[in-house]
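Take a look at the letters that make up each chain.
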Amino acid sequence: MKKSIQAQMKKIEPIQSAKLAVSAGPFSTGVKANGFLFLSGQVGIDQDGKLADDFDLEVKQIFKNIDAVLAEQELTLNNIVSVTVYLKDMGNFKRLNDIYRTYFQDYYPSRTCIAVLELPLKANVEMTITALTEN
């Protein structure tokens, strides 16, 4: 027998982070569900909402933001199982990889990289992650 929507919703926990800038839209920082954390897209903005002024700094700020949210949930980058990257310019793919590989030592999560025309706040890169919350 299928579970009701109400029963399934009890397993879903939206999260917000005080360490990130206030969201620019109607969405949660992330959602915990069935042993996973699904983090909404992160661009390279600091807590004050200022976008980093260089591609490399944007990527580093994104990882800083992701790390902050994970830490609030008592998780680390090692809990990440999947990353989706949106790039405004595929010419930055090598630069992305050079920085990206410094954040993962034990293994690389699965990853998809998609070229896009535009991103929110005129960002050059955006990332979403899925992390395992339970073993």
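Let me sum up the structure you'll find in this document. Predicted model only: the values in this text are computed from it and were never measured.

Conventions used here
Residues numbered from 1 in each chain as written. Predicted model: local features only at pLDDT ≥ 70, side-chain atom pairs only at ≥ 80, totals over all residues. Heavy atoms only, no water. Salt bridge = Lys/Arg side-chain N within 4 Å of Asp/Glu carboxyl O. Helix = DSSP H or I, 4+ residues; strand = E, 2+ residues; numbered from the N terminus. Buried < 20%, exposed > 50% of the residue type's maximum accessible area, 1.4 Å probe, protein only. Pairing = 2+ DSSP bridges. Contact = heavy atoms within 4.5 Å.

## Let's talk about the pattern of salt bridges
A complete count under the given rule lists four salt bridges for this structure. Between Arg95 and Asp56 there is a salt bridge, with its nearest N and O atoms 2.9 Å apart. You can see Arg95 sitting in helix H3 (residues 93-100) and its partner Asp56 sitting in helix H2 (residues 55-72), a full 39 residues away along the chain. By relative accessible area, Arg95 is classed as partly exposed at 34%. Asp98 is the salt-bridge partner of Lys94, the closest N and O atoms lying 2.9 Å from each other. One end of the pair is Lys94 and the other is Asp98, both in helix H3 and four residues apart, which spans about a single turn. With a relative accessible area of 57%, Lys94 lands in the exposed category. Relative accessible area serves as the criterion here: at 34%, Asp98 is assigned to the partly exposed category. Taken together, the shared-partner salt bridges in this structure form one network comprising Asp54, Asp56 and Arg95.

## Concerning the pairing of strand S2 (residues 30-33)
The pairing of strand S1 (residues 12-15) with S2 spans four bridges and is antiparallel. Opposite Ile12, over in S2, you have Ala33 as the bridge partner. Bridge count for S2 against strand S3 (residues 36-43) is four bridges, and the pairing is antiparallel. Bridged to Ala33 within S3 is Phe36.

## Description of the environment of Val43
Inspection of the secondary structure assignment puts Val43 in strand S3. On a C-alpha basis, the gap between Val43 and Val69 in space is 14 Å, while along the polypeptide they are 26 residues apart. Beyond its immediate sequence surroundings of up to four residues, Val43 is in contact with Ile62, Asn65, Pro120, Leu121, Ala123, Val125 and Glu126.

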